[in-house]
Amino acid sequence: MLTALILPLLLQVGPNPSLTPPPAVPDELVEQRRIRRERLAAPLAIVGDDPVQTCAARAEADPAGAADNARTLVARSSGINRALASHCLALALSAQELWPDVAQAFAQARGALPAGNANYAARLALAEGSAHLAAGDAAAALAALGSAPAVDDPQLASAIAVDRARALVALGDDSRAATALDEARGIDPDNDEAWLLSATLSRRMGQLDRAQQQIERAAILRPSGPEIGLEAGVIAVLAGRDDMALRSWRSVIDSAPGTPAALTAADYIAQLGAQ
């Protein structure tokens, strides 16, 4: 098989959008910036007029000003209002990518939260873990995620399990990460991210048949996902199906021209053609 192409692919869990050498923690099992921002700013509908959404808009327009205002509110409030103010502070800090401070603010929000808000507490734990991952502290992320209360929301519970898997991969525990992803898929079978990450991890562990089944499921759930097309091509080339890999990567270029994913696909195609 194409050793020069395969070796770098085996060293990463999936495609590298920056086209730089893969980091120690594979990109696909580290919180992607877009997904991270969506998660941290997700509406929580705690009250009728969601103050978190209002703060998210303010933080995007004026992060430093929003952070200063939130600190004032934190100092003057208690209970749910303090939790909301700390959440707002976390959003303002995340807009500045101050990830350790973001994690601390989410932890403070959770600490101020009155009893009886399990789903909100779990969302804050998920956001805290995400911030720790962004800061490169996988152990702290795993601790935060592990302290999340049990919830009856399958999408939320599945997302927590997915991020536990990310933290475990970062800590070098692929076996437990695979178990966490199994849990995530079991809780929410429609979680396309869980299927994608399962495929990349299975491929990394040399389980190509399993990886193929998982990437096919991810593609059904998210047909237009360029990351899925990239991973499908990687799995195919490692299994000796070069033609299928080329089709998959060309589909990424066609569906998402000019994007980092398309550039990565073009780079993979060039590598394959050079062999």
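See the structure shown above.
Residues numbered from 1 in each chain as written. Predicted model: local features only at pLDDT ≥ 70, side-chain atom pairs only at ≥ 80, totals over all residues. Heavy atoms only, no water.

Caption draft 1: Representation of the overall build of the chain in the model. Along its length, the chain carries 15 helices and zero strands. Among the 275 residues that make up the chain, the fraction classed as buried is 48%. For the chain, long-range pairs separated by at least 24 residues make up 59% of all intrachain contacts whose partners lie at least 6 apart in sequence. For the chain, the exposed area adds up to about 12,200 Å²; of that, 53% sits on carbon and sulfur atoms. (Helix = DSSP H or I, 4+ residues; strand = E, 2+ residues; numbered from the N terminus. Buried < 20%, exposed > 50% of the residue type's maximum accessible area, 1.4 Å probe, protein only. Contact = heavy atoms within 4.5 Å. Areas by Shrake-Rupley, 256 points an atom, 1.4 Å probe, with all protein chains shown as cover.)

Caption draft 2: Structural view of helix α13 (residues 226-238). An ideal rise of 1.5 Å per residue puts 18 Å on 13 residues; α13 measures up with 19 Å between its terminal C-alpha atoms. Most of α13 is tucked away, with 11 of its 13 residues classed as buried. (Expected span 1.5 Å × (residues − 1).)

Caption draft 3: A look at the packing of helix α5 (residues 79-95) against helix α6 (residues 99-112). For the pair α5 and α6, interaxial distance at closest approach is 8 Å and the crossing angle is 170 degrees. Between α5 and α6, the crossing angle belongs to the class labelled roughly antiparallel. For the crossing formed where α5 meets α6, the hand is left-handed. Note on element contacts: α6 touches α5 through Trp 99, Asp 101, Val 102, Ala 105, Phe 106, Gln 108, Ala 109 and Ala 112, opposite Gly 79, Ile 80, Arg 82, Ala 83, Ser 86, His 87, Leu 89, Ala 90, Leu 91, Leu 93 and Ser 94. Here the residues of the contact of α5 with α6 sort into 12 nonpolar, five polar and two charged. (Axes fitted to C-alpha atoms, helices over the stretch in contact; angles between N-to-C directions. Parallel < 35°, antiparallel > 145°, perpendicular 65-115°, else oblique. Left-handed = near helix turned anticlockwise from the far one by under 90°. Nonpolar A, V, L, I, M, F, W, Y, C, P; charged D, E, K, R; others polar.)

Caption draft 4: A look at the environment of Arg 210. Relative to the helices and strands, Arg 210 is located in helix α12 (residues 208-221). Residues within four places of Arg 210 in sequence aside, it is in contact with Asp 182, Arg 185 and Ser 202.

Caption draft 5: Here's a closer look at unusual backbone geometry. At Glu 97, a residue that is not glycine, the phi angle is positive and equals roughly 60 degrees. Note that Glu 97 resides in the loop between α5 and α6.

Caption draft 6: Main features of the packing of aromatic side chains. Throughout the structure, instances matching the rule amount to one aromatic pair. Between Trp 249 and Tyr 268, the aromatic rings sit 5.1 Å apart at their centres with planes inclined by 55 degrees, giving tilted as the arrangement. Taken together, the residues span a long stretch of sequence, with Trp 249 in helix α14 (residues 242-255) and Tyr 268 in helix α15 (residues 260-273) at a distance of 19 residues. Exposure class is identical for Trp 249 and Tyr 268. Each is buried. (Phe/Tyr/Trp six-rings, centres within 6.5 Å; stacked < 30°, edge-to-face > 60°.)

Caption draft 7: A look at helix α3 (residues 51-61). For α3, the set of buried residues is Val 52, Cys 55, Ala 56 and Ala 59. One side of α3 holds all its buried residues, which, seen down the axis, span an arc of 105 degrees. Residues of α3 that are buried sit in contact with α4 (63-76), α5 and α7 (118-134). (Arc of directions from axis to C-beta.)

Caption draft 8: Spatial organisation of the pattern of salt bridges. Counting across every chain of the model gives 14 salt bridges. Close ionic contact of Arg 166 with Asp 163 constitutes a salt bridge, the shortest N to O distance being 2.3 Å. Of the two residues, Arg 166 and Asp 163 both sit in helix α9 (residues 154-170), three residues apart, roughly one turn of that helix. Residue class for Arg 166 comes out buried when judged on its relative accessible area of 1%. (Salt bridge = Lys/Arg side-chain N within 4 Å of Asp/Glu carboxyl O.)

Caption draft 9: Broad picture of the environment of Tyr 120. Tracing the backbone through its elements, the reader meets Tyr 120 in helix α7. For the pair Tyr 120 and Val 151, spaced 31 residues apart in sequence, the C-alpha to C-alpha distance is 9.5 Å.

Caption draft 10: Quick peek at the environment of Ala 218. Positionally, Ala 218 belongs in helix α12. Assessed through its relative accessible area of 0%, Ala 218 is described here as buried. Sequence-wise, Ala 218 and Gly 229 are 11 residues apart; in three dimensions their C-alpha atoms are separated by 9.7 Å.

In short, geometric facts, not functional conclusions.
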